[in-house]
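Residues per chain, in single letters:
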Amino acid sequence: MKRIAVLGSTGSVGEQTLDVVAAHPERYEVVALAAGRRVEKLAEQVRRFRPSVVSVAEPAGLATLRELLGPAAPPTLLAGAAGLEAVATADCELVVAGLVGAVGLAPTLAAVRAGRHVALANKEVLVMAGALVRREVAAAGVTLLPVDSEHSAIFQALTGEDPAHVRKIILTASGGPFRTWSAERIARASVEEALAHPNWDMGPKISVDSATLMNKGLEVIEARWLFDVPPERVEVVVHPQSIVHSLVEFRDTSVMAQLGLPDMRVPIAVALAHPERLPLELPSLDLAAVGRLDFETPDTKRFPCLSLAFEALAADEAAPAVLNAANEVAVESFLAGGLPYPEIAATNAAVLEAWTARAGGGALRDLADVLEADAWARARVRERLGAATGGNPT
Ligand SMILES: NC(=O)c1ccc[n+]([C@@H]2O[C@H](COP(=O)([O-])OP(=O)(O)OC[C@H]3O[C@@H](n4cnc5c(N)ncnc54)[C@H](OP(=O)(O)O)[C@@H]3O)[C@@H](O)[C@H]2O)c1
């Protein structure tokens, strides 16, 4: 029986994790759940999985949760950062990091420091603090298991291989909903259009990131740290069918790929069961029915966010945290109806450029350095938004 804690249990990754767990009650016990604001959904999960530690984003949500659960409430109910930390360090073998954005960094680090293995979906953690997280993971002697489908593919392709034999890592990108759109049409994209991903049903932030290709840029940074490869050995190829989830080329030019129908329960199950494999009741990949697999070079003119990720990696250790924070605020504003779509990339580029123009700094010694870079970037975006909206940033 493996005991697990889920950070972000009400999200797309969190719910699919609980689906996999529910199909294998003899193997997994859920000991802790953390969610944000969807308290009713969380209450259902608590009734179903009976964790002993539960956390929500706000104290107000806590009162609602207590009311909803009544006498079924678990012994420990918490809110905010303390709640996330309690879930991340609950008594278990594996923490599923399924929060979205920078809020996941501190609890994921807490889980690692407490000696928990981590199944990482929350890519922003490695984007913000890759070098730091790698050091902490090594010091604690724990394993970081990728949940992102591309990184799970690479992880699987690397099994049994010598990392020194890797020539390059090739991340596939679906190209998102605007792959075939002209630059003029993309410039007028609405929130609904940006959220309509052709192959994956995901949370709103990653869906917008997939439309801008910022998601692929974040994944390049994630791969750099997860597999300890220099950025010049990471490539991106657009593959609209999302069947080949990523590839590794070795020094003899052999290329290993992992294929499957796009379903996040597969990489989630790989991470939950590692080093075993779980039986999943899902349809098999029928290559004849798929018919063809296409590949294209990404167009960084229409999708400049991809290049920004490589620029951030080349700049300094903190630049990816700056890019990530700028992107989080810009996407939040776009989703709230504030920022027009092209301004996401423009904002990210401007804030990254302002960071690299600063003299000195840029090394990440500890969490405080990461949070400082993150706060610096958020302040720059808010200034920019304030200037654009006459002092009323959305
Ligand atoms: N979805 C996918 O298929 C997929 C695939 C690959 C990688 N990923 C990565 O996995 C991560 C999660 O993505 P997702 O699509 O599952 O996102 P999502 O559906 O938006 O879920 C995010 C989760 O985080 C919780 N949360 C957000 N802010 C919080 C806060 N301040 N305090 C506590 N909880 C908070 C949310 O709670 P409430 O909903 O209750 O507010 C929700 O449970 C992202 O980093 C994404 O890039 C996702």
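The structure under discussion appears in the preceding block.
Quantities reported herein were computed from a predicted structural model and do not represent experimental measurements. (Residues numbered from 1 in each chain as written. Predicted model: local features only at pLDDT ≥ 70, side-chain atom pairs only at ≥ 80, totals over all residues. Heavy atoms only, no water.)

Draft legend 1. Just the nonpolar core, in detail. Core analysis: the biggest nonpolar cluster contains 130 residues, and Leu65, Val133, Ile169, Phe178, Leu272 and Tyr341 have the highest contact counts within it. The greatest single-element share of this core, amounting to 10 residues, is contributed by helix α15 (residues 319-335). Residues within four places of Leu272 in sequence aside, it is in contact with Lys2, Ile4, Thr17, Val20, Val21, Tyr28, Leu94 and Val96. (Core = buried A, V, L, I, M, F, W, Y, C linked by side-chain atoms within 4.5 Å. Buried < 20%, exposed > 50% of the residue type's maximum accessible area, 1.4 Å probe, protein only. Helix = DSSP H or I, 4+ residues; strand = E, 2+ residues; numbered from the N terminus. Contact = heavy atoms within 4.5 Å.)

Draft legend 2. Region of the structure containing the packing of helix α5 (residues 105-113) against helix α6 (residues 124-140). Two elements in contact, α5 and α6, have axes separated by 9 Å at closest approach and are oriented at 10°. Overall, the two elements α5 and α6 adopt an arrangement that is roughly parallel. Residues Leu105, Thr108, Leu109, Val112 and Arg113 of α5 touch α6, and the partners they reach there are Val125, Met128, Ala129, Leu132, Val133, Glu136, Val137 and Ala140. (Axes fitted to C-alpha atoms, helices over the stretch in contact; angles between N-to-C directions. Parallel < 35°, antiparallel > 145°, perpendicular 65-115°, else oblique.)

Draft legend 3. Inspection of the sheet that holds strand β11 (residues 255-259) at higher detail. Spatial strand order, β9-β8-β10-β11: four strands in an open sheet with mixed pairing. Two strands in the sheet have a free side with no partner beyond their single neighbour: β9 (234-238) and β11. Taken pair by pair, the neighbouring strands of this sheet meet at an average axis angle of 20°, ignoring direction. Two elements, strand β8 (residues 166-173) and strand β10 (residues 244-250), share five bridges in a ladder whose sense is antiparallel. From the neighbouring strand, Ile169 faces β10, where its bridge partner is Val248. Here helix α7 (residues 149-158) sits on the sheet in contact with β8, β10 and β11, set at roughly 40° to β10. Along the sheet, helix α11 (residues 214-226) contacts β8 and β9; its crossing angle with β8, the most-contacted strand, is approximately 155°. (Pairing = 2+ DSSP bridges.)

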